[in-house]
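One-letter residues, chain by chain:
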Amino acid sequence: MRVLALLAFVLCTTCGVKVGVILSSSDSNTRDAVRSIVQFNQEDQGNDVEIVFQEHSGNFLELQKTLCSMLDDGVVAIVSTSTSSDTALEATVMSEFHIPYIAALATDPYLKTVKRDYLISISPSDKFQSQAIFDLLKRNGWTRFTVMASTDTYGVNGVLHLQDLANRDTQFEIKGVHYFDVSGGPDQLDVSSELDQVKASLSKVIVLNCQGAYAKSILEQAEELGLMGKDFVWIVTEAVAGDPETLAVRSYRRSNYVSYRSYLTGLLGTVPRYGEDTDRLNEFKDRYITENEGSESHLTRGSVMTADAVALVSEALRNYDGELTAPELSCDSTDVWDGGELLLETIRNTTVGGLSGEVALRDDGSPVSTEYDIMNFERKFFKKVGVWDENRLDLQDNMIVYLGGGTKRPTGASGSLLGYH
């Protein structure tokens, strides 16, 4: 019996090892889904890694407190669902202590710096998204367009490459670039001035880059100004297309019931491609929906990718070719974790079959996969109508519904007042 116990101890190289997961406290549905998928993956992998969940609201002081708590807990790596703006701070702090930090969703192409050398991203950079949007615009002849973006790093940095591509192509004209302040939160957002400028420019094609909660408010205001009619094209980015519930109207009487404004039908969007049809994801969906009635919409790309980031770290820990000792650090420490460099390298060289498909990294810690799905909103959800990669754009034109419910592709021409009221 003592021999068996000793053998189990020797074989369990990850027993007692802690991995931190940082979640947003504002989205209970995603939190619940992430926890369930992580448990499902842990059982499937036969993994004994201890997962330490922490939540924060995005407040700077609360975020610092969360990071310090993670260090006190002795985590060997952190997986985070944070936005690009919060990721910049989190990855900087963790890199100082040599703790690998895995960003599940952050896509800012300028996040990786010398001071964030322990940052790994499993979602493709917005440079690829910009190229996908540019190719979509070109494919449809929408060569005159307007950009609207939030003033945070996600909004600004996410469209810089798109602007550069358009400025270098003589066929294109950017009618305007309008940044809006999001520091007051979505309930305080007023973009009437920016939308008035869009209206005055006669622009019919608008690319919107911001978090979903802000997009909902902007599109509501655009509808009031007559900018959501059948001659218009709105293209949203992955923060919206990957989490359509951010556009929903919630029922006060039935907390699980959501509906969508009819003018949203026809939105186009882009989202990093992931394995929505993988056997493992379908298996988990069946189980999750059975256990949580009316919850299929919780299984967003964000929740799946976050859990797969945890699975990647867990698999790397199984492959770790060194002695795993918990870091003894705090926010007041001047020390670093001696095992961090080896774990970082091990994660970069690890491939895991997650619910999203195969998760694999390049040498610089960026994801191998850079494919995007082209999405089209209809009634209650975004459906896939095309696929983009660095070599091609395939669109199923017969599946696309445009704003106003029509199937005829808008010209995007900006030379008339047609469509305004």
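To be clear, the structure that these remarks concern was listed above.
These figures come from a predicted structure and were not determined experimentally.

**Focus: the overall build of the protein chain**
In step 1: A count of helices and strands for the protein chain gives 12 helices and 17 strands.
In step 2: A burial count over the protein chain gives 54% of its 421 residues as buried.
In step 3: Approximately 19100 Å² of the protein chain is accessible, and the part contributed by carbon and sulfur atoms is 47%.

**As for the pairing of strand β9 (residues 233–236)**
Successive residues of a regular strand alternate their side chains across the two faces of the sheet.
In step 1: Neither face of β9 is exposed, since V233 and I235 on one face and W234 and V236 on the opposite face are all buried.
In step 2: As a crossover connection, the stretch from strand β8 (residues 205–209) through helix α8 (residues 212–224) into β9 is right-handed.
In step 3: Alignment of β9 against strand β12 (residues 268–272), held across two bridges, turns out to be parallel. In the strand pairing of β12, I235 is matched with L268.

**Brief notes about the state of the cysteines**
In step 1: Tallied over the full model, the rule gives one disulfide.
In step 2: C68 shares a disulfide with C331; S-S distance 1.9 Å. Its S-S torsion of about -110 degrees marks the bond between C68 and C331 as left-handed, since a negative value means left-handed. Placement of C68 in helix α3 (residues 60–73) and of C331 in the loop between α11 (301–318) and α12 (340–348) is noted, with a sequence separation of 263 residues between them.
In step 3: C68 gets classed as partly exposed once you look at its relative accessible area, which sits at 24%.

**Topic: the sheet that holds strand β5 (residues 119–121)**
In step 1: Across the sheet, which stays open at both edges, the five strands sit in the order β2-β1-β3-β4-β5 with parallel pairing between neighbours. The open sheet is flanked by β2 (50–56) and β5, the only strands paired with a single partner. Strand-to-strand, the axes of this sheet are offset by a mean angle of 25 degrees, without reference to chain direction.
In step 2: Pairing geometry for strand β4 (residues 101–103) and β5, over three bridges, is parallel. When the sheet's bridge partners are listed, I102 is paired in β5 with I120.

**A few points about unusual backbone geometry**
Backbone geometry follows two general trends: most residues other than glycine have a negative phi, and most peptide bonds adopt the trans configuration.
In step 1: Here the phi dihedral of H98 falls at roughly 65 degrees; this positive angle occurs in a residue that is not glycine.
In step 2: Note on H98: relative accessible area 25%, which makes it partly exposed.
In step 3: Non-glycine residue L202 carries a positive phi angle of around 65 degrees.
In step 4: Tracing the backbone shows L202 in the loop between α7 (192–200) and β8.

**Concerning the packing of aromatic side chains**
In step 1: A complete count under the given rule lists six aromatic pairs for this structure.
In step 2: Between the aromatic rings of Y372 and W388, the centroid separation amounts to 6.2 Å while the plane-to-plane angle is 65 degrees, which identifies the pairing as edge-to-face. Of this pair, Y372 sits in strand β15 (residues 372–378) while W388 sits in strand β16 (residues 381–389), and the two are 16 residues apart along the sequence.
In step 3: Judged by its relative accessible area of 1%, W388 falls in the buried class.
In step 4: Within the aromatic cluster, the residues linked to one another by ring pairs are F134, F145 and F172.
In step 5: Between K204 and the ring centre of F232, over which it is positioned, the NZ or CZ distance is 5.5 Å.

**Some words on the pattern of salt bridges**
In step 1: Enumeration according to the criterion identifies 12 salt bridges in this entry.
In step 2: When the shortest N-O distance is used, the salt bridge between R139 and D397 registers 2.6 Å. Separated by 258 residues along the polypeptide, R139 in helix α5 (residues 126–139) and D397 in the segment after β17 (392–395) bring together distant segments of the chain.
In step 3: Judged by its relative accessible area of 34%, R139 falls in the partly exposed class.

**Things to note about a nonpolar patch on the surface**
In step 1: Together, Y110, L160, V177 and Y179 make up an exposed nonpolar region whose accessible area comes to about 300 Å².
In step 2: Within the element layout of this structure, V177 appears in strand β7 (residues 173–180).
In step 3: Judged by relative accessible area, which is 30%, V177 ranks as partly exposed.

Cut-off values and rules
Residues numbered from 1 in each chain as written. Predicted model: local features only at pLDDT ≥ 70, side-chain atom pairs only at ≥ 80, totals over all residues. Heavy atoms only, no water. Helix = DSSP H or I, 4+ residues; strand = E, 2+ residues; numbered from the N terminus. Buried < 20%, exposed > 50% of the residue type's maximum accessible area, 1.4 Å probe, protein only. Areas by Shrake-Rupley, 256 points an atom, 1.4 Å probe, with all protein chains shown as cover. Right-handed = clockwise from strand over helix to strand, strands pointing away. Pairing = 2+ DSSP bridges. Disulfide = S-S within 2.5 Å. Axes fitted to C-alpha atoms, helices over the stretch in contact; angles between N-to-C directions. Phe/Tyr/Trp six-rings, centres within 6.5 Å; stacked < 30°, edge-to-face > 60°. Lys NZ or Arg CZ within 6 Å of the ring centre and 35° of its normal. Salt bridge = Lys/Arg side-chain N within 4 Å of Asp/Glu carboxyl O. Patch = residues over 30% accessible without salt bridge, like charges linked within 9 Å, V, L, I, M, F, W, Y side chains within 5 Å.

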